[in-house]
Amino acid sequence: MTLAPAKPPHHAAEPAPPTPGVTSAARIVAVPDPRGGTALPVLYGRRALIPRRLNATGPYARVALTGAVSAPLGGDRLSLNIEVRTGARLHLDTIGATLALPGPYGGTATHDVLLRVDDDAELHYQPDPVISVVGSDLVTTTRAELAPRARLILREEQVLGRTNEPPGQLRTRLTVRLAEQPLLDQELHLGPGAPGWSGPAVLADYRMTGQILIVTPEFTHHKPPPQILSTDSDQGEAALTPLAGPAVLISATAADNRTLQRLLERGHQATGVPAHPDPQLQRR
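Described in the following lines is the structure provided in the data block. This one's a predicted model, so the numbers in the text were calculated from it and none came from an experiment. (Residues numbered from 1 in each chain as written. Predicted model: local features only at pLDDT ≥ 70, side-chain atom pairs only at ≥ 80, totals over all residues. Heavy atoms only, no water.)

**Points about the overall build of the protein**
We apply this condition: Secondary structure elements are taken from DSSP: a helix is a run of H or I of four residues or more, a strand is a run of E of two residues or more, and numbering for both begins at the N terminus. Categorising residues by exposure relies on relative accessible area from a 1.4 Å probe, with only protein chains included: less than 20% of the type maximum marks a residue as buried, more than 50% marks it as exposed, and the intermediate range marks it as partly exposed. Throughout, a contact is declared for two residues whenever any of their heavy atoms are within 4.5 Å. In this description, accessible areas are obtained by the Shrake-Rupley approach with a 1.4 Å probe, and a residue is regarded as covered only by the protein chains that are shown.
Counting its regular elements, the protein contains one helix and 18 strands. Each of the 284 residues in the protein was classed as buried or not, and the buried ones make up 47%. Sequence separation of at least 24 residues holds for 70% of the intrachain contacts in the protein that already meet a minimum separation of 6. Just so you have it, the protein exposes about 14400 Å², and 54% of that area is on carbon and sulfur atoms.

**Here's the deal with the pattern of salt bridges**
The cut-off we apply is this: Salt bridge, as used here, is a side-chain nitrogen of Lys or Arg placed within 4 Å of a carboxyl oxygen of Asp or Glu.
The final tally for this structure, using the stated rule, is 14 salt bridges. Across the salt bridge formed by Arg151 and Glu218, the nearest N and O atoms sit 2.8 Å from each other. Linking Arg151 in strand E12 (residues 151–160) with Glu218 in the loop between strand E15 (208–215) and strand E16 (227–229), this pair joins segments that are 67 residues apart in sequence. On the basis of relative accessible area, Arg151 is assigned to the partly exposed category, the value being 23%. With its nearest N and O atoms 3.0 Å apart, the salt bridge here joins Glu165 to Arg162. Take Glu165: its relative accessible area is 23%, and that puts it in the partly exposed class. Look at Arg162 and you get partly exposed, because its relative accessible area is 39%.

**Overview of the side chain of Gln158**
Structurally, Gln158 can be placed in strand E12. Apart from residues no more than four positions distant in its own chain, Gln158 is found in contact with Val130, Leu170, Thr172, Arg207, Met208 and Thr209.

**Points about the sheet that holds strand E14 (residues 181–190)**
Note the cut-off: The rule for pairing is simple: two strands pair if DSSP sees at least two bridges between them. All axes here are fitted lines through C-alpha atoms, helices being fitted over the stretch that makes contact, and every angle between N-to-C directions spans 0 to 180 degrees.
Spatial ordering of the open sheet is given by E2-E1-E5-E8-E11-E13-E14, a layout of seven strands whose pairing is mixed. One side of each edge strand has no neighbouring strand; the edge strands of this open sheet are strand E2 (38–45) and E14. Direction aside, neighbouring strands of the sheet carry axes that sit 5° apart on average. Examined bridge by bridge, strand E1 (residues 23–32) and E2 share six bridges and lie antiparallel to one another. Paired with Pro32 across the strands is Thr38, a residue of E2.

**Quick word on the environment of Leu184**
Within the fold, Leu184 resides in strand E14. Measuring from C-alpha to C-alpha, the distance between Leu184 and Leu249 comes to 9.4 Å, with 65 residues separating the pair along the chain.

**Here's the deal with the layout of surface pockets**
Using the following cut-off: A 1.4 Å probe that fits into a set of points on a 1 Å grid over the protein atoms alone but cannot get out defines a cavity; an open set with protein on both sides within 12 Å along at least five of seven lines defines a pocket, and lining residues are those with an atom within 4 Å of a point. Grid points are joined across faces, edges and corners, and a volume is the space filled by probe spheres set on the points. We call Asp, Glu, Lys and Arg charged. Ala, Val, Leu, Ile, Met, Phe, Trp, Tyr, Cys and Pro are nonpolar, and the rest, Gly among them, are polar.
Taken as a whole, the largest pocket spans an internal volume of roughly 510 Å³. Thr94, Thr98, His111, Pro127 and Val130 are the residues nearest the centre of the largest pocket, which is lined by 31 residues in total. Of all elements in the fold, only strand E4 (60–66), strand E7 (98–100), strand E8 (109–117), strand E11 (137–146), E12 and strand E13 (169–178) reach the threshold of two or more residues within the lining of the largest pocket. Taken together, the residues that form the lining of the largest pocket break down as 16 nonpolar, 12 polar and three charged. Estimated volume of the second largest pocket: approximately 430 Å³. What lines the second largest pocket is a set of 24 residues, and nearest its centre among them are Leu188, Thr209, Ser251, Ala252 and Thr253. Considering only residue class, the lining of the second largest pocket consists of 11 nonpolar, nine polar and four charged.

**What about helix H1 (residues 257–271)?**
We apply this condition: For a helix, the expected span equals 1.5 Å multiplied by the number of residues minus one. Residues adjacent in sequence count toward polar contacts only when both atoms are side-chain atoms; beyond that, a polar contact is any pair of N or O atoms within 3.5 Å, and within protein one must be able to donate a hydrogen and the other to accept it.
A rise of 1.5 Å per residue sets the reference length of H1, with its 15 residues, at 21 Å; its end C-alpha atoms lie 22 Å apart and thus fit the reference within 8%. When we look at burial in H1, the residues that qualify are Thr259, Leu260, Gln261, Leu263, Leu264, Gly267, His268 and Thr271. Buried-residue contacts for H1 involve E12, E15, E16, strand E17 (236–242) and strand E18 (247–254). A distance of 3.2 Å separates the backbone nitrogen of Arg258 from a side-chain oxygen at the start of H1, and that oxygen is part of Asp256. Within two residues after H1, Gly272 carries a phi angle of roughly 80°, on the positive side.

**Structural notes on the nonpolar core**
The condition that has to hold: Definition used in this section: a nonpolar core is a set of buried Ala, Val, Leu, Ile, Met, Phe, Trp, Tyr and Cys residues joined via side-chain atoms within 4.5 Å.
One finds Leu90 and Leu213 to be the most contacted residues of the largest nonpolar core, which totals 38 residues. In terms of residue count, the dominant contributor to this core is strand E5 (residues 77–84) (four residues). Among the nonpolar cores identified, the runner-up in size contains 18 residues, and Ile131, Ile153, Leu240 and Leu263 belong to it.

**Re the pairing of E13**
One face of the sheet, then the other: side chains in a regular strand alternate in exactly this way. Pairing of E11 with E13 involves 10 bridges; the strand directions are parallel. Bridging from a neighbouring strand, Thr142 pairs with Leu174 of E13. In the sheet, E13 pairs with E14 via nine bridges, with the strands oriented antiparallel. The partner of Thr172 across the bridge, within E14, is Leu188. Hairpin geometry of E13 and E14 is characterised by an intervening segment of two residues between the two adjacent antiparallel strands and by a positive phi of about 55° at Ala179.

Everything listed here is a matter of geometry and, on its own, says nothing about what the molecule does.
Shown next as C-alpha cells:
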C-alpha cells in the first residue's frame, strides 16, 4: 500500500504588526517687520498640523492650525514649536475642536507643544477644545519658556467624552519657566484608570474643564486678588489664582460648554487684561 505524502501542518497567518501612527511636526517663528507688524519667516507644517496665516490688523499676526488628516489617533506623534521674538505679536488658534480617537490599532497618542517668547514679545495661544473620545489615550505636554518681559495668554479646554458617551484617557501637563525659573508646573490625569478623576476633588459630575494662564510684566507689582467665580446656575465652578510671579491662573469646570465659556471669560475680565487687543481676533 502506497501512502500519500503527508501534508505540511497548517499554520494560521500571523497577525500583521500594528501600523505606526502619524508623525507630524509644525514650526512657527514670528518676528517684527519694518512696518510695525509681525512677519512669519518660518511657517511650516505637514499632515495633521498645517499652519495657515489669516488676515489681521495692527502689530499682530494671526495663524490657525488645521490638518489634512484626522489626528490624534492612537499611536500618533504630534509636535508644535512656536517662537515669538522681541517686538513680535502672534495670535494662534485652531480650526475646530481636536478629537482624540482610539484609531484602528489603539495605543497612546502624544502631542508636544513648545512655546518660546522673548522680551517685549507677545503670544496668544488659544486652541479649541480637546475632546477625549471613548477608547482613546492621549498625552499632551505644553512647555513655555518665557523671557523676563514676555507676555503670554494661554487657553486650554478639555471635554471628557462626546454626548452620552464615556471619555477616553487624557493626561495633560503644563510647565512654564519665566527667566529660566519655574513659574507653573501642573499635571492632570482624567478618564478610566485615573484615580479619583470623577470624584469631588477633581471634576465631580462635570465633564468639561479649562484654564487661562496670563503672564505679563504688568503683574509684577499688582495682580488681581484670588477669587471664586460663579454664574447664575450651579452648572460650573471656577477660581482665579495669583501665582508666585507676574501671572494669574483661571481654572474652571462645568457641565456644559456655555457655562465653561462664561466662567473663563468672567475670570479673564477680572484680570483687567484685554482678551483680544486686535478687534479682528475675536474668539469664534
